[in-house]
Amino acid sequence: MRSLVRLGLVQALLLTLAPPVSAGDGLALTPPMGWNSWNKFACSVSEKLIRRAADAIVASGMQDAGYQYVVIDDCWQVKRDPAGNIVADPERFPSGIKGVADYVHSKGLKFGIYSDAGTATCQKRPGSKDYETQDAKTYAEWGVDYLKYDWCNTEGQDTRDAYTKMSQALRASGRPIVFSICEWGSTKPWLWAQGVGHLWRATGDIQDCWDCGRSWGGMGVTHIIDIMADIHAYAGPGHWNDPDMLEVGNGGLTLAENRAHFSFWALFAAPLMAGNDLEAMTPEIREILTNREVIAVDQDPLGMQGRKVWDDGPREVWVKPLADGAKAVILFNRGTEESTFTAPWDAIGLFPGGKALVRDLWKKADVGIFKGRYETKVEPHGAVMVKVIPQF
Ligand code: GAL
């Protein structure tokens, strides 16, 4: 019994003392955090919107909480010039993309943009097929730090070849650019995309709803959680499963559901790309998006994606091992009634008879020291998220 406890202690110490994990080209060693225009604004993007989003990231405290990338999604581009250069909408982006990138950088933030591996983007703007090298060079000149690369209008193309082509073009551009693969999980990118991109979408588009229908092009939060459950082994520093951008604060979820959504994205070590109107967000939504203790779970340097360890109808327990030897745990109530939940230590990978300090990451308070298990009530569609810290 004692030796098991000691082994746990030694492991915890080794993990704490271990040098930072390095992977691939050293980019995105923790999941990228930022804001993307699509979920709230779709094609209504403009220079003004992006500048205001950058201002709001700073003013709201989100930058201090770790949000970094400001990403323009689809619809910024209108055509190619006779030399094949991609051209931004001159009315919506009068300063050009470089002007917007400079503004974003002047705030101490990073700048991201969107294109597509096919002939056209999903909104029928010019895609990058056969222009990979030229576009990568243009992005580098503009100061792009992050590229989201979509998969519409790609008839006859192979995902691995197409994404590798752009990945190589980005590398050849000489600028470090995080590469976000977006083929919606259609060819299981977790099996081939490590080393090609830094993150890959694992699912169809997120919808601003809890468990609404699973149809192509859209699914609610709980469906995405279920898909992520099966691929936890494939995430790690520099290569993340991406369950899509956040819908937190977009109006379709209750506060409890918003908190559960954010808790899961953190447990998944998912990219945290806010997708709401930052200028209009309520204090409660701001509190969720800037909860540093939950964000610390997402950004934990060990980079493990959490997994489900207990499934009892509407009652589930999920765990994510952390670099300091503690466990982040979600007690998840899928049901519509409040219910009592138990997280037994052996289920979450702790010595069954041991004691552990439990800290509630939403209450931001220590709950107490418990032996063998933690039991608590969980509201309907709610997630209690705790950090369980073994006591030796
Ligand atoms: C989808 C993508 C969305 C958004 C949209 C833009 O394919 O999954 O996140 O980028 O295209 O048209």
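What counts and what doesn't
Counting restarts for each chain: residues are numbered from 1 in the order of the written sequence. At least 70 in pLDDT is required for a residue's local features to be given in this predicted model, at least 80 for side-chain atom pairs to be given and counted, and no such filter applies to totals for whole chains, interfaces and linings, which use all residues. No hydrogens and no water enter the side-chain calculation; it runs on all heavy atoms of the structure. A pair of cysteine sulfur atoms is labelled a disulfide when the two atoms are within 2.5 Å. Here a strand is any run of E in DSSP of at least two residues, a helix any run of H or I of at least four, and the numbering for each starts at the N terminus. Residue burial is assigned from relative accessible area. The probe radius is 1.4 Å, only protein chains are included, and a residue is buried under 20% of its type maximum, exposed over 50%, and partly exposed in between. What counts as a domain boundary in this text is fixed by an automatic or database domain assignment. Residue contacts are counted whenever heavy atoms from the two residues lie within 4.5 Å of one another. Joining two parts hides part of their accessible area as seen by a 1.4 Å probe, and the buried area is that hidden amount summed over both. What counts as a salt bridge is simple: a side-chain nitrogen of Lys or Arg found within 4 Å of a carboxyl oxygen of Asp or Glu. Distances are taken per atom, and a residue is near a molecule or strand as soon as one of its heavy atoms is within 4 Å of it. In the analysis that follows, any N or O atom pair within 3.5 Å is treated as a polar contact, provided that within protein one partner can donate a hydrogen and the other can accept it, and provided that, for residues neighboring in sequence, both atoms belong to side chains. Method for areas: the Shrake-Rupley scheme with a 1.4 Å probe, in which residue coverage is limited to the protein chains shown. For this classification, Asp, Glu, Lys and Arg are treated as charged, while Ala, Val, Leu, Ile, Met, Phe, Trp, Tyr, Cys and Pro are nonpolar and the rest, including Gly, are polar. Take the number of residues in a helix, subtract one, and multiply by 1.5 Å to get its expected span.

(A) How the structure looks around the state of the cysteines. Tallying each qualifying case throughout the model produces 3 disulfides. Residue Cys43 pairs covalently with Cys75 via a disulfide, S to S 1.7 Å. Placement of the pair is Cys43 in the loop between α2 (38–41) and α3 (47–59) and Cys75 in the loop between β2 (69–71) and β3 (77–80), with a sequence separation of 32 residues. Paired by a disulfide, Cys209 and Cys212 hold their sulfur atoms 1.7 Å apart. Among the residues examined, Cys209 registers a relative accessible area of 13% and is labelled buried. In the protein chain, the bonded cysteines, numbered by position in the sequence, are linked as 1-2, 3-4, 5-6. A disulfide-free cysteine, Cys182 has its sulfur positioned 7.0 Å from the sulfur of Cys122, the nearest such atom.

(B) Summary view of the domain arrangement of the protein chain. Split by domain assignment, the protein chain resolves into domain 1 (2–298) and domain 2 (307–391). The centre of domain 1, based on its C-alpha atoms, is set 29 Å off from the matching centre of domain 2. Between domain 1 and domain 2, the residue contacts involve 29 residues of the former and 23 residues of the latter. When the area that domain 1 buries against domain 2 is broken down by residue, the three leading residues are Leu267, Glu293 and Val297, summing to 26%. At the surface where domain 1 touches domain 2, the tally comes to 4 salt bridges. Ionic pairing is found between Glu379 and Arg259, a salt bridge with its closest N-O pair at 3.7 Å.

(C) Representation of the site of the ligand. Neighbouring the ligand are 13 residues; Asp73, Asp74, Lys148, Asp150 and Asp205 lie closest to it. Residue Asp150 places a side-chain N or O atom 2.8 Å away from an oxygen atom belonging to the ligand. Here the ligand has 310 Å² of accessible area as a free molecule, and 97% of this is covered by the chains. Tallied by class, residues from the shell around the ligand come to 6 nonpolar, 1 polar and 6 charged.

(D) Local environment of helix α9 (residues 255–267). A rise of 1.5 Å per residue sets the reference length of α9, with its 13 residues, at 18 Å; its end C-alpha atoms lie 18 Å apart and thus fit the reference within 8%. Where burial is concerned, most of α9 is hidden: 11 out of the 13 residues are buried. Taken together, the buried positions of α9 are occupied by Ala256, Glu257, Asn258, Ala260, His261, Phe262, Ser263, Phe264, Trp265, Ala266 and Leu267. Residue Ala269 follows α9 closely and has a positive phi angle near 50°.

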